[in-house]
Amino acid sequence: MIDIWTILRFLHVLGAIVWVGGQLTITVVVLPPVRRALAAADRADVLRAVGKRFAIITFTTFLPVQLTTGILLAGRHGVTWASLLQPGYGRMLATKLLLFAVVMAAASVHGVAQAKGQPGTARAASITALIGSLGVVLLATGLVEGSAS
């Protein structure tokens, strides 16, 4: 049966798909041919435009949906600050939240470094955000009802 919690969980997962899928698409599909086909100045323009568009989607859609649905789903599971220290579901959720915060910080560093023309820092932050995002998905998979005890 599809109820409001199913819809909220769907939106939460959909948001993660957009975020992580977007990162993987840019990294694996867009970057290699752009690097091969375009001169440095044109490459920078294209990648800056892609980054700006992804940032707009992130801040206007992804973050509000993830935070709202995540808080509502945590409330549904009876998550409290104290329960985040409990073994099993609580600690796994706390680890996921901490890693999510690291990913958002890395993504912010990436954006700032890109704007300031610091490609090395931007690349390191981007890789950190991508690896962290995959870790968040792995932890979220472990949080599926009944699998974390």
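Residues numbered from 1 in each chain as written. Predicted model: local features only at pLDDT ≥ 70, side-chain atom pairs only at ≥ 80, totals over all residues. Heavy atoms only, no water.

The name given to the protein chain in an unreviewed UniProt entry is Copper resistance protein D domain-containing protein, and the organism recorded there is Amycolatopsis mongoliensis.

Trainee: Quick rundown of a nonpolar patch on the surface? Include the residues and the values.
Mentor: Taken together, I2, I4, I7, F10, L11, V13, L14, I17, V18 and I57 make up a surface patch of nonpolar side chains, about 890 Å² in accessible area. Broken down by element, the residue count for the nonpolar patch peaks at eight residues, all from helix α1 (residues 4–37). (Patch = residues over 30% accessible without salt bridge, like charges linked within 9 Å, V, L, I, M, F, W, Y side chains within 5 Å. Areas by Shrake-Rupley, 256 points an atom, 1.4 Å probe, with all protein chains shown as cover. Salt bridge = Lys/Arg side-chain N within 4 Å of Asp/Glu carboxyl O. Helix = DSSP H or I, 4+ residues; strand = E, 2+ residues; numbered from the N terminus.)

Trainee: If you had to explain the nonpolar core to someone new, which residues and values would you point to?
Mentor: Core analysis: the biggest nonpolar cluster contains eleven residues, these being W19, V20, F54, F62, L63, F100, V103, M104, A106, A129 and V136. At the level of elements, α1, α2 (40–76), α3 (89–115) and α4 (119–142) are the ones that each hand at least two residues to this core. Here the element with the most residues in this core is α3; it accounts for four residues. Excluding its chain neighbours within four sequence positions, the residues that come into contact with M104 are W19, F62 and L63. (Core = buried A, V, L, I, M, F, W, Y, C linked by side-chain atoms within 4.5 Å. Buried < 20%, exposed > 50% of the residue type's maximum accessible area, 1.4 Å probe, protein only. Contact = heavy atoms within 4.5 Å.)

Trainee: Report on the packing of aromatic side chains, specifying residues and quantitative values.
Mentor: Counted under the stated rule, the structure contains three aromatic pairs. Here the aromatic rings of W19 and F62 are separated by 5.0 Å at their centres, their planes lie at 15°, and the arrangement is stacked. Taken together, the residues span a long stretch of sequence, with W19 in helix α1 and F62 in helix α2 at a distance of 43 residues. Grouping residues by exposure puts W19 and F62 together as buried. Pairing F62 with F100 gives two aromatic rings, centres 6.2 Å apart and planes at 50°, and the pair type is tilted. Of the two residues, F62 sits in helix α2 while F100 sits in helix α3, which places them 38 residues apart along the sequence. F100 carries the same exposure label as F62, and that label is buried. One aromatic cluster is present, built from ring pairs that chain together W19, F54, F62 and F100. (Phe/Tyr/Trp six-rings, centres within 6.5 Å; stacked < 30°, edge-to-face > 60°.)

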